[in-house]
Amino acid sequence: MWFWRKTAREPGGTGTRSGSNHHGGSPGPTALKRKVFGVSLEQVPRREGQLVPIVIHKITSHLQKHAMDMEGLFRVSGSTLEMNDIVAQFDQGIDVDLTKVDPHSVAGVLKKFFRELPEPLVPSAVNSAAAQMVSTLNKQTDAELRSPRNLLPSFRRLLRTLPEVHYAVLQHLLTFLLTLTTNSSKNKMSVQNIAICIVPSLNCLPAIITYPLQYFEYFFNHKDEDEEEGGNERPSSNTTPTTTATTTATTPSTPTDTHTRPPSIKGISA
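Heads up: these notes are all about the structure in this document.

What counts and what doesn't
- Residues numbered from 1 in each chain as written.
- Predicted model: local features only at pLDDT ≥ 70, side-chain atom pairs only at ≥ 80, totals over all residues.
- Heavy atoms only, no water.
- Helix = DSSP H or I, 4+ residues; strand = E, 2+ residues; numbered from the N terminus.
- Contact = heavy atoms within 4.5 Å.
- Areas by Shrake-Rupley, 256 points an atom, 1.4 Å probe, with all protein chains shown as cover.
- Axes fitted to C-alpha atoms, helices over the stretch in contact; angles between N-to-C directions.
- Parallel < 35°, antiparallel > 145°, perpendicular 65-115°, else oblique.
- Phe/Tyr/Trp six-rings, centres within 6.5 Å; stacked < 30°, edge-to-face > 60°.
- Buried < 20%, exposed > 50% of the residue type's maximum accessible area, 1.4 Å probe, protein only.

Moving on, we get to the overall build of the chain. Helix and strand counts for the chain come out as 11 helices and zero strands. Listed N to C, the secondary structure of the chain is α-α-α-α-α-α-α-α-α-α-α in terms of helices and strands. Counted over contacts in the chain with a minimum sequence separation of 6, partners at least 24 positions apart contribute 77%. In the structure as shown, the chain presents an accessible area of about 12,700 Å², 50% of it carried by carbon and sulfur atoms.

This is the structure in structure tokens:
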């Protein structure tokens, strides 16, 4: 499986992109280079045994470590020049050093990655089905029946029909975004603000982001009886960010509304 590899900088090098880059990263072996942006999610390089691509691990890990308190992350635009340079380095197989890059530019690269996927993170069929569910819910005249809680069991089952890689990436992204919301008093990125800034790049229904963020434990840590008996449980071991919080048993119709902070996302060493 393809992976990033550091190589020593040649003595007396001129600093050209073929040998090094001004951010301090270095290219992997030419034979192992594979395009990262603008290709299907299944084709993006990732470490052996993992489903989440390296580029996503690297960016979310960096932002979680350095930018969780930064106001307007994902809302404030980064430098187009910086973002294009980062994209070019990833596509050349360079182990990109993000420490000297404006965090807004790093966040912009993550949005660009999702925006350029040939098939969205949430495929059109799943997105359309989710939109139909929300539309049906909104037509309810009774306020109690119109509560989003009534939709969550079906919504969760729908998301679990996503292709394996897509589901793993969605869970990883939402774990990261949930961490961002727990610092909203400083970064001003509430669940709604995150949806406004992220959804256009993901090209999906806002509820696909807002519902799991508002009911994270129910979507990813809660087991129904059919799952405990070998139903449609999705694995989440080393293929997605590890969660250690446990959830008390709840009925599917009344999921626990929680904003428990998830543990740090294990990063990829530079």
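Moving on from the model shown.
A word on the packing of helix H4 (residues 124-138) against helix H5 (residues 152-159). The geometry of a pair of packed helices is captured by two quantities: the angle between their axes and the separation between those axes. At a closest axis distance of 10 Å, the pairing of H4 and H5 adopts a crossing angle of 175°. The angle between H4 and H5 falls in the class roughly antiparallel. Contacts between H4 and H5 pair Val126, Ala129, Ala130, Met133 and Val134 from the former with Ser154, Phe155 and Leu158 from the latter.

Here Ser190 lies in the loop between helix H7 (184-187) and helix H8 (191-202). Measuring from C-alpha to C-alpha, the distance between Ser190 and Leu177 comes to 9.7 Å, with 13 residues separating the pair along the chain. Leaving out residues up to four positions away in the same chain, Ser190 has contacts with Thr181 and Ser184.

Counted under the stated rule, the structure contains 10 aromatic pairs. A centroid spacing of 5.6 Å and a plane angle of 85° characterise the contact between Phe37 and Phe113, whose relative ring orientation is edge-to-face. Within this pair, whereas Phe37 is found in the segment before helix H1 (54-66), its partner Phe113 is found in helix H3 (residues 103-115), the two being separated by 76 residues in sequence. Phe113 sits in the buried class, given a relative accessible area of 1%. Plain terms: the ring middles of Phe74 and Phe176 are 6.0 Å apart, the flat faces sit at 75° to each other, and that makes the pair edge-to-face. With Phe74 in the loop between H1 and helix H2 (80-91) and Phe176 in helix H6 (residues 164-181), this pair connects stretches of sequence that are 102 residues apart. Side by side, Phe74 and Phe176 carry an identical accessibility label, which is buried. These aromatic residues form a ring-pair network of at least three members: Phe155, Tyr167, Tyr211, Phe216, Tyr218, Phe219 and Phe220.

The next subject is unusual backbone geometry. In this structure, Phe74 takes a positive phi of about 80° despite not being glycine. By relative accessible area, Phe74 is classed as buried at 3%. One non-glycine residue, Asn203, lies in the positive phi region at around 55°. Relative to the assigned elements, Asn203 resides in the loop between H8 and helix H9 (207-214). A relative accessible area of 52% means that Asn203 is categorised as exposed.

Along an α-helix, residues three or four apart share an orientation, since each turn contains 3.6 residues. Buried residues dominate H5, accounting for six of its eight residues. Inspection of H5 places Leu152, Pro153, Phe155, Arg156, Leu158 and Leu159 among the buried residues, and these make up the whole buried set.

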